[in-house]
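# Fold and contact review
For reference, the chains in residue letters:
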Amino acid sequence: MRDQESFVAVEDEFDDVTTGEMELSERQSLRRVPGLSTELTDVTEVEYRQLRLERVVLVGVWTEGTVTDAENSLTELAALAETAGSQVLEGLIQRRTRPDPATYIGRGKVDDLGAVVLSTGADTVICDGELSPSQLRNLEQRTKVKVVDRTALILDIFAQHAKSKEGKAQVELAQLEYLLPRLRGWGETLSRQTGGSGRGGGAGGGVGVRGPGETKLETDRRRIRHRISRLRREIKSMKTVRVTKRARRSRNAVPAVAIAGYTNAGKSSLLNRLTGAGVLVENALFATLDPTTRKATASDGRLYTLSDTVGFVRHLPHQIVEAFRSTLEEVAEADLVVHVVDGTHPDPEEQVRAVHEVLAEVGADRLPELLVVNKSDAADEETLLRLKRLWPEAIFVSAHTGWGVEGLREAIEDRLPRPAVEVRAVLPYDRGDLVARVHRTGEVLSTSHLPEGTLLHVRVGAALAAELAPFDVERQSQAAGSRP
C-alpha cells in the first residue's frame, strides 16, 4: 500500500508541469518489466534451435502516460525482437522527463545496464526509440555489446519478410536512408585511405573514385547515395505500373476497398475469408508486406476489389512510410477503408490512433472508414462490451472461425459507392455484352424479358449510361411522340 501511495505521488508530480522536475531517485531508476523473458525452458528445444539466436536485453524510457502504457510498448518491442529471431532475456524501463541526449537512459544507469548485459550473457541491447548516432556510439562503448534501436529492428523485420521486387527495393531504400547518417568507423577505419594517387591507386582507386584523401567512410557514403538514387528511380518506374493498373480499374468504374490496420490484427486472414485469396497468414508481426488485390462480387452482381496493405505499428519509422508511399497510396485511392483492429490487444485504442496517424501521412484520413474488431472469439467479454460502447458502429468478427464475416461482407457492400445515373433500357438479345457489363459494374434494380429484348432498370456510371442511351426507353418514347 505504501509503494502504491508513493507511486501515485510521483505520478501526480510528473503530471504537474509547474514542478518541472521529478524526484531524482524515480527519474534515474530502472524498472524491471516481468514476463518478457523467452529463455528456453524445455531442454528438448535445444535441438530445434541448433544455432543460438541473438540474446537481447530491452531498454525503454518512460516519458509520458501510465506505467501500463510503458510496459505495453516494451511488450510490443519484445514481440518485434522475437519476430526478428532474437531471444529476449530482460526488459527494463526508466522513468525520465525525456531521453538522455548522450546515452538515451541516464548516464549513471548505463553501468547498471552493462551489469545486466554481463549477468544475462546478452550480446545485443535494443532500445525502444530511435537513437541518434552519438547515442548509439556511446551506448556501445559503455556496454561493450551491439546496440540497435526500434527503427533498425523494424527495418530488419521488413528485410526478412519482403518477397516481391518492389518490396525488396522499398525496404533496401529505407535501410540505406536510415544507415547513411549513422555510418561510423572504428579504430583505423576512419583514417584508412581508399583512394590512390596516380595509376596504381590502392584498393579503392580507379575510374570514378576521388583522389588521395578519401577515407573508407566517405567512399561508403558516396556509394550509398548512388544506390539510393538508383532505388528511387526503380521504385518510381514500378509506381507507374501500379498507377496504370489503378487507372484501368477507375475507367471500368470498379470500386476499391482497402484493408488497413495494425500489424498482426488479421488483415490477411480477413482477405482470405472474403475472397479466398490464399495470402500468407502467420501469427507474427509484419508477416506480409507485399500488397495483394483480389476481385470480389457483391450480392447484386457488382464487382469490386479488396486490397491488403502493409501493417502499421506505433512509431512506424518515417523511412518506411516514405519508401512504401507508392504502396500506401493504394489506400488513399480507395473508395472505402476497412480498418481492422485486434480485439485481444491490451491497448486497441492506441492501435487505432497509430493507424490513423499513418493514414493521415498518405492523405487517406478523410476516406469513409469501416471499423472492424477482429479476433472476437479470443477476446474476453468485458473487453468486447467496452469496445462496443466505444465504437458502436464497429463490426465484430473472427477471421479464424468465420463468425461475423457475412455481416462484414454486407456492411462493405452497403458502403460501396453507387452508380449515379439511373437508366431504363431495352437491350436486344444480341447485345449480351452490354447486359454483362451492366451486371458487372452497375446496380441492377430490376430486370425482365420482353419479345424485343431485356428490359433493365439500373444505376450505372456516366460512361456506360452514354452507351445505353440508344436503348433508353424514355428516350425512345419521346422520339416516337415527336414524330408527325
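The structure we're discussing is the one just above.
Below you will find a few notes about this structure.

Cut-offs applied
Every chain is numbered on its own, with residues counted from 1 as its sequence reads. Totals for whole chains, interfaces and linings use all residues, but because this is a predicted model, local features are given only for residues with pLDDT of at least 70 and pairs of side-chain atoms are given and counted only at 80 or more. Calculation of side-chain values draws on the structure's entire complement of heavy atoms; hydrogens and water are dropped beforehand. We call two strands paired when DSSP finds no fewer than two bridges between them. Only DSSP runs of H or I reaching four residues or more are called helices, and only runs of E reaching two or more are called strands; each is numbered from the N terminus. When checking whether two residues touch, look at their non-hydrogen atoms; a contact exists if any pair is within 4.5 Å. Comment: axis = line fitted to C-alpha atoms, over the contacting stretch for helices; angle = value between 0 and 180 degrees taken between N-to-C directions. Buried residues of nine kinds, namely Ala, Val, Leu, Ile, Met, Phe, Trp, Tyr and Cys, make up a nonpolar core once their side-chain atoms join them within 4.5 Å. Per-residue accessibility, obtained with a 1.4 Å probe over protein chains only, is compared with the maximum for each type, and a residue is labelled buried under 20%, exposed over 50%, and partly exposed between these values. Pairing of aromatic rings covers Phe, Tyr and Trp, the last counted by its six-membered ring, and requires centre-to-centre distances within 6.5 Å; plane angles under 30 degrees mean stacked, over 60 mean edge-to-face, and any other angle means tilted. Charges are assigned to positions over rings by a cutoff of 6 Å between ring centre and Lys NZ or Arg CZ, combined with an angular limit of 35 degrees from the ring normal. Handedness rule for crossovers: strands pointing away from the viewer, path from the first strand over the helix to the second running clockwise, crossover right-handed. What a helix should span is 1.5 Å times the count of its residues minus one. Take a side-chain nitrogen of Lys or Arg and a carboxyl oxygen of Asp or Glu: if they are within 4 Å of each other, that pair is a salt bridge.

### A closer look at the sheet that holds strand β10 (residues 369–374)
Backbone-to-backbone hydrogen bonds join strands into a sheet, with any given pair of strands oriented parallel or antiparallel. Read across the sheet, six strands follow the order β7-β8-β6-β9-β10-β11 without closing on themselves; strand pairing throughout is mixed. In the strand order of this sheet, the two ends are held by β7 (292–297) and β11 (395–396), each with one partner. With two bridges connecting them, β10 and β11 associate as parallel partners. Considered in β11, the bridge of Val372 is made with Ile395. Where helix α13 (residues 348–361) meets the sheet, its contacts fall on β6 (256–261), β9 (336–342) and β10, and the angle it forms with β9 comes to roughly 145°.

### Some points on the nonpolar core
Within the largest apolar cluster, 99 residues are counted, with the highest numbers of intra-cluster contacts made by Leu58, Phe312, Leu408 and Ile412. Counting residues per element, this core draws most heavily on helix α4 (residues 67–83), at seven residues. Not counting residues up to four positions away in its chain, the partners in contact with Leu408 are Leu270, Leu274, Leu370, Val372, Ile395 and Val397. Residues Ala425, Val444, Leu456 and Ala465 belong to the second largest nonpolar core, which totals 14 residues.

### A word on the packing of aromatic side chains
For the structure on display, the rule yields zero aromatic pairs. Across the ring face of Trp62, the terminal group of Arg95 is positioned such that the distance to the ring centre comes to 4.2 Å.

### Quick word on unusual backbone geometry
Positive phi, close to 70°, is recorded for Tyr104, a residue that is not glycine. Along the chain, the position of Tyr104 falls in the loop between β3 (86–95) and α5 (107–120). On the basis of relative accessible area, Tyr104 is assigned to the buried category, the value being 5%. With a phi close to 65°, Lys144 is a non-glycine residue in the positive phi region. Within the fold, Lys144 resides in the loop between α6 (133–143) and β5 (146–149). The class for Lys144 is exposed, based on a relative accessible area of 69%.

### Let's talk about the pairing of β5
Bridging between strand β4 (residues 124–127) and β5 involves four bridges; their strand directions are parallel. Looking across to β5, one finds that Val125 is bridged to Val147. Handedness of the crossover is the feature at issue here: the chain leaves β4, passes through α6, returns alongside β5, and the resulting connection is right-handed.

### Some details on α13
Over its 14 residues, α13 extends 20 Å from the first C-alpha to the last, a length consistent with the 20 Å expected when each residue adds 1.5 Å. Within α13 the residues assigned to the buried category are Pro348, Glu350, Gln351, Val352, Ala354, Val355, Val358 and Leu359. The first or second residue beyond α13 is Gly363, which carries a positive phi of 80°.

### A word on the sheet that holds strand β12 (residues 421–427)
Within the open sheet, the three strands sit side by side as β12-β14-β13. Their pairing is antiparallel. Every other strand in the sheet has two partners, leaving β12 and β13 (443–450) as the edge strands with one partner each. Strand-to-strand, the axes of this sheet are offset by a mean angle of 10°, without reference to chain direction. Contacting β12, β13 and β14 (453–460), helix α16 (residues 432–441) crosses the sheet at an angle of about 30° to β14.

### Here we look at the pattern of salt bridges
This structure, assessed with the given rule, holds 19 salt bridges. In this structure, the salt-bridge partner of Glu234 is Arg230, at a minimum N-O distance of 3.4 Å. A residue pair is termed a helical-turn pair when its members lie 3 or 4 positions apart in one helix, as Glu234 and Arg230 do in helix α9 (residues 216–251) at four residues. Taking relative accessible area as the criterion, Glu234 reaches 24% and is therefore assigned partly exposed. Under the relative-accessibility criterion, Arg230 is labelled partly exposed at 46%. The salt bridge partner of Arg437 is Glu467, with a shortest N-O separation of 3.0 Å. In this pair, Arg437 is assigned in helix α16 and Glu467 in helix α17 (residues 462–468), connecting sequence segments 30 residues apart.

### Things to note about the pairing of β6
Taken across its six residues, β6 has six buried, putting it largely inside the fold. On β6, burial covers both faces: Ala256, Ala258 and Ala260 on one face and Val257, Ile259 and Gly261 on the other are all buried. Across four bridges, the pairing between β6 and strand β8 (residues 303–308) is parallel. Among the inter-strand pairings, Ala256 is bridged to a residue of β8, identified as Thr305.

### Some words on the environment of Leu427
One can find Leu427 in strand β12. What makes Leu427 buried here is its relative accessible area of 1%. As for Leu427 and Gly453, which are separated by 26 residues in sequence, their C-alpha atoms are 5.2 Å apart.

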